[in-house]
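Letter by letter, the chains look like this.
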Amino acid sequence: MTQLTIVANIHANAEKIELVKSELLKLIPITRSETGCIDYDLHQDNENPAHFTFYENWESRELWQEHMNAPHLAAYMAATEGAVAQFTLNEMTQID
C-alpha cells in the first residue's frame, strides 16, 4: 500500500466563513479516529480567512475513499450547501 496525501482547498463565501469553519472543525475528531487516517489538519489562511486547507495523510487511497463516503462528510456537504464558493482537491504521493 502507498500512503496518500490529500490537499483540499475550501473557499467559503465571504458571508459564510464562520459557518464553513464550524462545520469543518466538526469533521476533525471523527475523521482522526477513522481507520487509515494518519494526519488530518485544518488550516486557515492568515490573509484570506475565507480560505481553508486540509492537509491529510492516509494509509491508502482505499481507506481515504471510505472516509469520503462516510456519513459525517455527507452531513458536512448538506450543512454547507451554497456556502462554499470553490473546492479543489489534490491526491498526492510523497516522492522524497
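Anything mentioned here points back to the structure above.
Residues numbered from 1 in each chain as written. Predicted model: local features only at pLDDT ≥ 70, side-chain atom pairs only at ≥ 80, totals over all residues. Heavy atoms only, no water.

Draft legend 1. Up close: the nonpolar core. I10, V20, L24, L27, Y40, F52 and F54 are the most contacted members of the largest nonpolar core, which totals 20 residues. Looking at this core, the elements that each hand over two or more residues are strand 1 (4-12), helix 1 (17-32), strand 2 (37-44), strand 3 (51-58) and helix 3 (71-79). In this structure, Y40 is in contact with L27, I28, T31, R32, F54, Y55, E56, W58 and H67, ignoring residues within four places of it in sequence. (Core = buried A, V, L, I, M, F, W, Y, C linked by side-chain atoms within 4.5 Å. Buried < 20%, exposed > 50% of the residue type's maximum accessible area, 1.4 Å probe, protein only. Helix = DSSP H or I, 4+ residues; strand = E, 2+ residues; numbered from the N terminus. Contact = heavy atoms within 4.5 Å.)

Draft legend 2. Structural view of helix 2 (residues 61-68). Looking only at helix 2, the buried set comprises L63, W64 and H67. Projected down its long axis, helix 2 carries its buried residues within an arc of 100 degrees, all on one side. Opposite the buried face of helix 2, by more than 90 degrees, sit the exposed residues E62 and E66. (Arc of directions from axis to C-beta.)

Draft legend 3. Local environment of the sheet that holds strand 1. One open sheet accounts for four strands, arranged 2-3-1-4; its pairing is antiparallel. Each edge of the open sheet is held by one strand with a lone partner, namely strand 2 and strand 4 (84-92). Ignoring strand direction, the axes of neighbouring strands in this sheet form an average angle of 10 degrees. In this structure, strand 1 lies alongside strand 3, joined through eight bridges in antiparallel fashion. By the bridge assignment for strand 3, V7 is matched with Y55. Contacts between helix 1 and the sheet are confined to strand 1, strand 2, strand 3 and strand 4, with strand 2 contributing the most and set at about 165 degrees to the helix. (Pairing = 2+ DSSP bridges. Axes fitted to C-alpha atoms, helices over the stretch in contact; angles between N-to-C directions.)

Draft legend 4. Structural view of the pattern of salt bridges. Going through the model one piece at a time under the given rule, you end up with three salt bridges. Across the pair R61 and E91 runs a salt bridge, and its minimum N-O distance is 2.6 Å. Taken together, the positions of R61 in helix 2 and E91 in strand 4 put the pair 30 residues apart, joining distant regions of the chain. A relative accessible area of 39% means that R61 is categorised as partly exposed. Residue classification places E91 among the partly exposed positions, given a relative accessible area of 38%. (Salt bridge = Lys/Arg side-chain N within 4 Å of Asp/Glu carboxyl O.)

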